[in-house]
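# A structural walkthrough
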Amino acid sequence: EIPTYRPDFVQKSYDNDAHAASMLPWHGSVGMFGVQSYLAMRRSDLILIYDNMLFDRALYNPLFNFMPAAKFLAKDAKKRGKLVGLYNIGAGPVSTPRGKEMLREIAEMCDFITVRDYDSEKLLRDIGVENPTLLVTADAALCLRSATEERVNDILKSVNLEQEKEILAINVNAYLDSWSEDKKDPLTKERFVSVYASALDEVANKTKAALLFVCTQHHDVPLTKALMEAVSAPV
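First, a word on scope: everything that follows refers to the structure included in this document. Residue positions are given per chain, counted from 1 along the sequence in the order it is written. For this predicted model, a pLDDT threshold of at least 70 governs which residues receive local features, and a threshold of 80 or more governs which side-chain atom pairs are given and counted, while totals over whole chains, interfaces and linings are taken from all residues. Side-chain metrics in this entry use all non-hydrogen atoms of the structure; hydrogen atoms and water are not considered.

Time to look at a nonpolar patch on the surface. Residues enter patches when their relative accessible area tops 30% and they take part in no salt bridge; the joining distance is 9 Å for like charges and 5 Å for the nonpolar side chains Val, Leu, Ile, Met, Phe, Trp and Tyr. Values of accessible area rely on a 1.4 Å probe in the Shrake-Rupley scheme; residue burial ignores everything except the protein chains shown. Salt bridge criterion: a side-chain nitrogen from Lys or Arg within 4 Å of a carboxyl oxygen from Asp or Glu. Nonpolar side chains collect at one region of the surface, where Tyr5, Val30, Phe33, Leu63 and Phe72 lie side by side and expose about 480 Å² of accessible area between them. The numbering of helices and of strands both runs from the N terminus, where a helix is a DSSP run of H or I of at least 4 residues and a strand a run of E of at least 2. On the secondary structure map, Tyr5 appears in the loop between strand E1 (2-4) and helix H1 (7-13).

The criterion for an aromatic pair is that two Phe, Tyr or Trp rings (for Trp, the six-membered ring) have centres within 6.5 Å, with stacked assigned to planes under 30 degrees apart, edge-to-face to planes over 60 apart and tilted to the rest. Counted by the stated rule, this structure contains 5 aromatic pairs. Ring plane angle 50° and centroid distance 6.2 Å describe the contact between Phe33 and Phe72, whose orientation is recorded as tilted. Taken together, the positions of Phe33 in strand E4 (residues 33-34) and Phe72 in helix H3 (residues 67-79) put the pair 39 residues apart, joining distant regions of the chain. An angle of 65° between the planes, with centres 5.8 Å apart, marks the rings of Phe55 and Phe64 as edge-to-face.

Further remarks concern the side chain of Asp201. Along the chain, the position of Asp201 falls in helix H7 (residues 189-207). Setting aside anything within four residues of it in sequence, one finds Asp201 in contact with Ala230, Val231, Ser232 and Ala233. Whether two residues are in contact is decided by their heavy atoms: any pair within 4.5 Å suffices.

Pairing is possible between side chains that carry opposite charge, provided their charged atoms lie close to one another. Scanning the model with the defined rule gives 10 salt bridges in all. For Arg98, the salt bridge identified is with Glu101, shortest N-O distance 3.1 Å. One end of the pair, Arg98, and the other, Glu101, are both in helix H4 (residues 97-108), 3 residues apart, so they sit about a helical turn from each other. Type-normalised accessible area, obtained with a 1.4 Å probe on protein chains alone, sets the label of each residue: buried when under 20%, exposed when over 50%, and partly exposed for intermediate values. Its relative accessible area of 27% is what places Arg98 among the partly exposed residues. Two residues, Asp126 and Lys122, come together in a salt bridge whose shortest N-O distance is 2.7 Å. In this pair, Asp126 and Lys122 are both assigned in helix H5 (residues 118-126), 4 residues apart and thus about one turn of the helix distant. A cluster of three or more residues bridged by salt bridges with shared partners is formed by Lys71, Arg98, Glu101 and Glu105.

Our next topic: the packing of H3 against H4. For the pair H3 and H4, the least separation of the axes is 10 Å and the interaxial angle reads 30°. Every pair of crossing elements has a handedness; the one defined by H3 and H4 is left-handed. Touching Met67, Pro68 and Lys71 of H3 are Arg98, Gly99, Met102, Leu103, Glu105 and Ile106, all from H4. Three residue categories are used. Nonpolar comprises Ala, Val, Leu, Ile, Met, Phe, Trp, Tyr, Cys and Pro, charged comprises Asp, Glu, Lys and Arg, and polar comprises the others, including Gly. Of the residues that constitute the contact of H3 with H4, the class distribution is 5 nonpolar, 1 polar and 3 charged. Note on geometry: axes are lines fitted to C-alpha atoms, helical ones only across the stretch in contact, with angles between N-to-C directions running from 0 to 180 degrees. When the near helix sits turned anticlockwise from the far one by under a right angle, the crossing is termed left-handed; a clockwise turn instead gives a right-handed crossing.

Listed below in structure tokens is the structure:
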């Protein structure tokens with residue numbers, strides 16, 4: 001059972017027994033604090049906290065930060081004798097005393113912890129996590145089933161790319177430097193697009209590689225489109 005803002009996507013995208021626990025407000029939810037998330041936890045034997053949701057930016061905004069909800073659900077699950085684990089997480093960033101304390105509390109109640117990079121392991125140890133089950137593993141994306149060669153060719157053809165030609169894949173994030181602690185000279189969208197587009201043009205001209213823009217989050221689409229329009233090289 002997967003808490004999500006896009007229940008239709010979950011139901012259509014997984015060819016297994018995955019079910020969506022809606023986080024939409026008309027289903028009684030404020031972020032992950034909601035009826036469906038709670039009932040999903042009650043029905044489950046194992047609660048997994050995964051990806052990159054354990055940070056303290058806007059810690060008490062339930063529409064943006066899910067760490068308080070994760071702590072509440074995990075704590076209630078442990079009381080009911082259920083297993084709780086951090087699976088393949090990217091921990092942090094946490095910069096406030098309360099954020100560090102909350103992350104430490106969540107980690108210490110877990111039956112196991114796997115992190116996807118050594119920085120996350122270091123952060124957890126630096127804030128005092130002593131859980132002996134902590135293990136560094138590879139990113140879970142590496143477990144995905146590869147597409148067939150025929151499917152890859154179909155995708156490349158659909159975007160007018162030749163398989164024999166070098167391809168430079170570009171992925172940008174709409175957050176830019178908004179997570180940086182140094183806000184003296186914040187990076188604007190316009191400045192980012194201008195500098196990045198110039199760099200891509202130079203690289204494309206030197207390498208003769210085709211540019212392929214890939215989005216992994218829906219909110220990155222507008223920035224990606226702006227960058228594509230600013231690039232002179234073929235995309």
